[in-house]
Amino acid sequence: MSEQTNKSSKINISVQVADFDQQYEYQALRQNHCSQGAIVTFVGLVRDNHLGKDVTGLFLEHFPGMTEKSLAEIARQAMARWPLGGVRIVHRIGQLALNDQIVFVGVSAAHRHAAFQGCEFIMDYLKTQAPFWKKEYSGDSATWVQAKDSDTQARQRWESKATIPQSELPE
Amino acid sequence: MSEQTNKSSKINISVQVADFDQQYEYQALRQNHCSQGAIVTFVGLVRDNHLGKDVTGLFLEHFPGMTEKSLAEIARQAMARWPLGGVRIVHRIGQLALNDQIVFVGVSAAHRHAAFQGCEFIMDYLKTQAPFWKKEYSGDSATWVQAKDSDTQARQRWESKATIPQSELPE
Amino acid sequence: MKVLFFGQVRERLATQQISVTSPPQNILLLRQELAERGEVWFEVLHQRDLLVAVNQTLCDDKQEITSTDEVAFFPPVTGG
Amino acid sequence: MKVLFFGQVRERLATQQISVTSPPQNILLLRQELAERGEVWFEVLHQRDLLVAVNQTLCDDKQEITSTDEVAFFPPVTGG
């Protein structure tokens, strides 16, 4: 398990074999942030099927060092783009079973729209930029998951999209 | 406390004085949904300031009966629009202090984009359609919160926006 | 017919609920009738952003009503 | 210079890490040099979607390299 926290403690990144506690992550975002009125969290779980194939488990490989660096950079980009109070990212590696938690992304902000946008932005960039690779188990076979064009498209949405001016954000 | 669960148990609505447990709500969404790979949750908290004014607490009034009906209808609209596994909404009423939890909206889906969209859609409609009224305490004064044009605009975004075809949704 | 008031509307009218014995045909006429109860009632019932629900469903001034309906008047909602 | 391989690339090459003693000037030349190691190496190093990072930062074929750099080759990422 490697944990990386920047000076301001606004960004917290962890890449770990162990499962994570969604409640702990949520409470950490909630703590001492009385001016943050919105918390959005995303959790990705191991699904029982993928592209029509039964899935029984996953193996997650990563590039130690670059992974943490890449996730911190994505969090920084999100904080530069929206006024976020805090960002927490946890990504698991190694062997995962059905319905296991894979990834947590949580974001706090004064206003809900920034929190939703920031959280989805981080997921879209994580999916296409952070050096993780999934191997999928289905019965006796194990195959490397292929990258999806739809994920690249999801990320590219943000490249063209201008940030909504603060004055127009809903509370 | 009133709780309303529809036949399929896919929609769960609760309007209550008591605080809620974010972890309980998250786990309820996660349980028995092996084909749902994404869970997005939103929590709204009492912030320490609003439109430049210090806030020390809130009182939340509602229209018993219509509130639950309205929230269930919003959840049904979201499920009709995106392929969601489950929707849970908890909204508190009565006296709330600084940093207290006000509202929980949680959504599970096979794919992350549907989960993000469904959750934000529900919040935007809840803000402008569900019969809740906030009174804000600031020092010795208590004032009714005025509805915001930005919230109405946030809801109206969904009226013009066509749903993204399933085939183009990222995983 | 039961008529309910909520939020700032309830507070300004200092009234939570009234009973209207022979209600008019629709919401517009009900608003006009209630507006005659006094100055504050006139102001509140003529608020442009006043919302109305009949049997817990939002509707507009043209909505027809009968004595078994439950009507509610309230300001724009501010939950969440 | 340390060269790392990850995911399916690592598996196909059956190699996690190699050391290149006198590296060429840039990534393109390094790919060409490694491609000469055998049939699978040729295939993998010519994959159109192969990604490359120098010192843990994604870059392209024009990136210049020196013997103190750490280079990594890997397929498109699939985390999350």
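Keep in mind it's a predicted model, so treat the numbers as computed, not measured.

A. Representation of the overall build of chain A. In terms of helices and strands, chain A carries four helices and 11 strands. Sequence separation of 24 or more characterises 75% of the internal contacts of chain A that already satisfy a separation of 6 or more. Looking at chain A as shown, the accessible area adds up to about 6600 Å², and 49% of this sits on carbon and sulfur atoms.

B. View of the overall build of chain C. Counting its regular elements, chain C contains three helices and five strands. The linear arrangement of helices and strands in chain C, starting from the amino end, is β-α-β-α-α-β-β-β. Here chain C has a C-alpha radius of gyration of 12 Å; the compact-globule value for 80 residues is 12 Å, and the two agree. Along the first, second and third principal axes, the C-alpha set of chain C runs to 30 × 30 × 20 Å. Expressed as a percentage of the 80 residues in chain C, the buried residues total 46%. On chain C, roughly 4200 Å² of surface is accessible, and the fraction owed to carbon and sulfur atoms is 46%. In chain C, the 7 positive side-chain charges and the 11 negative ones have mean positions that sit 3 Å from each other.

C. Representation of the relation of the copies chain B and chain A in the model. Superposing chain B onto chain A requires a rotation of 180° together with a translation of 0.0 Å along the rotation axis, leaving an RMSD of 0.0 Å. Look at the turn and shift together and you get a two-fold axis relating the two. When the interface residues of chain B are mapped onto chain A, 100% of them again lie at the interface, so the same face is used by both copies.

D. Just the sheet that holds strand 4 (residues 57-59) of chain D, in detail. Residue and element names in this part refer to chain D. Ordered in space as 2-1-5-3-4, the five strands form an open sheet in which the pairing is mixed. On the outer flanks of this sheet lie strand 2 (17-19) and strand 4, each paired with one strand and no other. On average, each strand axis in the sheet is tilted by 25° relative to the strand beside it, whichever way the strands run. Both strand 1 (residues 2-5) and strand 2 contribute to a ladder of three bridges, which runs antiparallel. Its bridge partner lying in strand 2, V3 is registered against I18.

E. Examining the confidence of the model for chain A more closely. All names here are of chain A. For chain A, per-residue confidence averages 89 on the pLDDT scale, and 88% of positions sit at 70 or higher. The secondary-structure element of chain A with the lowest mean pLDDT is strand 1 (residues 2-5), recorded at 47, while strand 2 (residues 11-16) shows the highest, at 98. Across residues 164-169 the pLDDT falls below 50, and counting only partners more than four positions away or on other chains, this stretch makes six contacts in the model.

F. Representation of the pattern of salt bridges in the model. Evaluated as defined, the whole model comprises 30 salt bridges over all chains. Through salt bridges with shared partners, a single network forms among R112 of chain A together with E120, D124, D151 and R157 of chain B.

G. Quick look at the interface of chain B and chain A. Contact with chain B, which involves 47 residues of that partner, is made by 47 residues of chain A. Here chain B and chain A share four salt bridges between them. When the shortest N-O distance is used, the salt bridge between R112 of chain B and D151 of chain A registers 3.1 Å. At the level of elements, helix 1 (22-30), strand 3 (38-45), strand 4 (49-50), helix 3 (112-129) and helix 4 (149-160) of chain B are the ones that each hand at least two residues to the side of chain B that touches chain A. Note: strand 3 (residues 38-45) of chain A against strand 3 of chain B, seven bridges, orientation antiparallel. Residue pairing for strand 3 of chain B: A38 of chain A is matched across the bridge by G44 of chain B.

H. Up close: the packing of helix 3 (residues 112-129) of chain A against helix 4 (residues 149-160) of chain A. Residues and elements named next belong to chain A. Relative orientation of the contacting elements helix 3 and helix 4 amounts to 130°, with a least axis distance of 9 Å. Between helix 3 and helix 4, the interaxial angle falls into the category oblique. Here the hand of the crossing between helix 3 and helix 4 comes out left-handed. Along its contact with helix 3, which presents Q117, E120, F121, D124, Y125, K127, T128 and Q129, the element helix 4 presents D151, T152, A154, R155, R157, W158 and E159. Across the contact of helix 3 with helix 4, the residue classes break down as four nonpolar, four polar and seven charged.

I. Region of interest: the sheet that holds strand 10 (residues 132-138) of chain B. Residue and element names in this part refer to chain B. With respect to topology, four strands assemble into an open sheet ordered 8-6-10-11, the strand pairing being antiparallel. In this open sheet, the two strands that pair with only one neighbour each are strand 8 (94-97) and strand 11 (141-144). Going across the sheet, the axis of each strand differs from the next one's by a mean of 25°, ignoring polarity. For strand 6 (residues 57-62) and strand 8, the ladder comprises four bridges, and the chain directions are antiparallel. Following the sheet pairing, L58 is matched in strand 8 by L96.

J. Geometry of the arrangement of the chains. The top pair by number of contacts, from a total of three pairs of chains in contact, is chains A and B. The least C-alpha distance between chain B and chain D, which are not in contact, is 10 Å. Nothing in chain C touches chain D; the tightest C-alpha to C-alpha distance between them is still 30 Å.

K. Representation of the interface of chain D and chain A within the structure. Across the contact, 20 residues belong to chain D and 26 residues belong to chain A. Between chain D and chain A the total buried area reaches about 1900 Å² when both faces are included, carbon and sulfur atoms providing 58% of it. It is Q56, T78 and G80 of chain D that lose the most area in chain D upon contact with chain A, and together they represent 37% of the buried surface on that side. Residues R10 of chain D and E61 of chain A are paired through a salt bridge, measuring 2.4 Å at the closest nitrogen-oxygen approach. Counting every contact that joins chain D to chain A gives 14 residue pairs in polar contact (both at pLDDT 80 or more). Looking at the side of chain D that touches chain A, the elements with two or more residues in it are helix 1 (7-13), strand 4 and strand 5 (70-74) of chain D.

L. Highlighting helix 1 of chain B. Regarding helix 1 of chain B, the residues found buried are Q22, Q23, E25, Y26, L29 and R30 of chain B. Buried positions in helix 1 of chain B, seen along its axis, are confined to an arc of 165° and lie on one side of it. Contacts from the buried residues of helix 1 of chain B go to helix 1 (22-30), strand 3 and strand 9 (101-109) of chain A together with strand 3, strand 7 (84-92) and strand 9 (101-109) of chain B. Of the residues flanking the start of helix 1 of chain B, the one acting as N-cap is D21 of chain B, its side-chain oxygen 2.9 Å from the backbone nitrogen of Q23 of chain B.

M. A look at the pairing of strand 2 (residues 11-16) of chain B. Residues and elements named next belong to chain B. In terms of burial, strand 2 is largely enclosed, as six of its six residues are buried. The alternating pattern of strand 2 places I11, I13 and V15 on one face and N12, S14 and Q16 on the opposite face, and all of these are buried. Both strand 2 and strand 7 contribute to a ladder of six bridges, which runs parallel. Bridging across to strand 7, V15 finds its partner in H91.

Rules used throughout
- Residues numbered from 1 in each chain as written.
- Chains lettered and ligands numbered in written order.
- Predicted model: local features only at pLDDT ≥ 70, side-chain atom pairs only at ≥ 80, totals over all residues.
- Heavy atoms only, no water.
- Helix = DSSP H or I, 4+ residues; strand = E, 2+ residues; numbered from the N terminus.
- Contact = heavy atoms within 4.5 Å.
- Areas by Shrake-Rupley, 256 points an atom, 1.4 Å probe, with all protein chains shown as cover.
- Rg over C-alpha atoms; globule rule 2.2 N^0.38 Å.
- Buried < 20%, exposed > 50% of the residue type's maximum accessible area, 1.4 Å probe, protein only.
- Lys, Arg positive; Asp, Glu negative; His and termini not counted.
- Charge placed at Lys NZ, Arg CZ, Asp CG, Glu CD.
- Least-squares fit on C-alpha atoms with pLDDT ≥ 70 in both.
- Pairing = 2+ DSSP bridges.
- Axes fitted to C-alpha atoms, helices over the stretch in contact; angles between N-to-C directions.
- pLDDT = per-residue confidence, 0-100.
- Salt bridge = Lys/Arg side-chain N within 4 Å of Asp/Glu carboxyl O.
- Parallel < 35°, antiparallel > 145°, perpendicular 65-115°, else oblique.
- Left-handed = near helix turned anticlockwise from the far one by under 90°.
- Nonpolar A, V, L, I, M, F, W, Y, C, P; charged D, E, K, R; others polar.
- Buried area = accessible area lost by both parts, 1.4 Å probe.
- Polar contact = N/O pair within 3.5 Å; in protein donor to acceptor, adjacent residues only side chain to side chain.
- Arc of directions from axis to C-beta.

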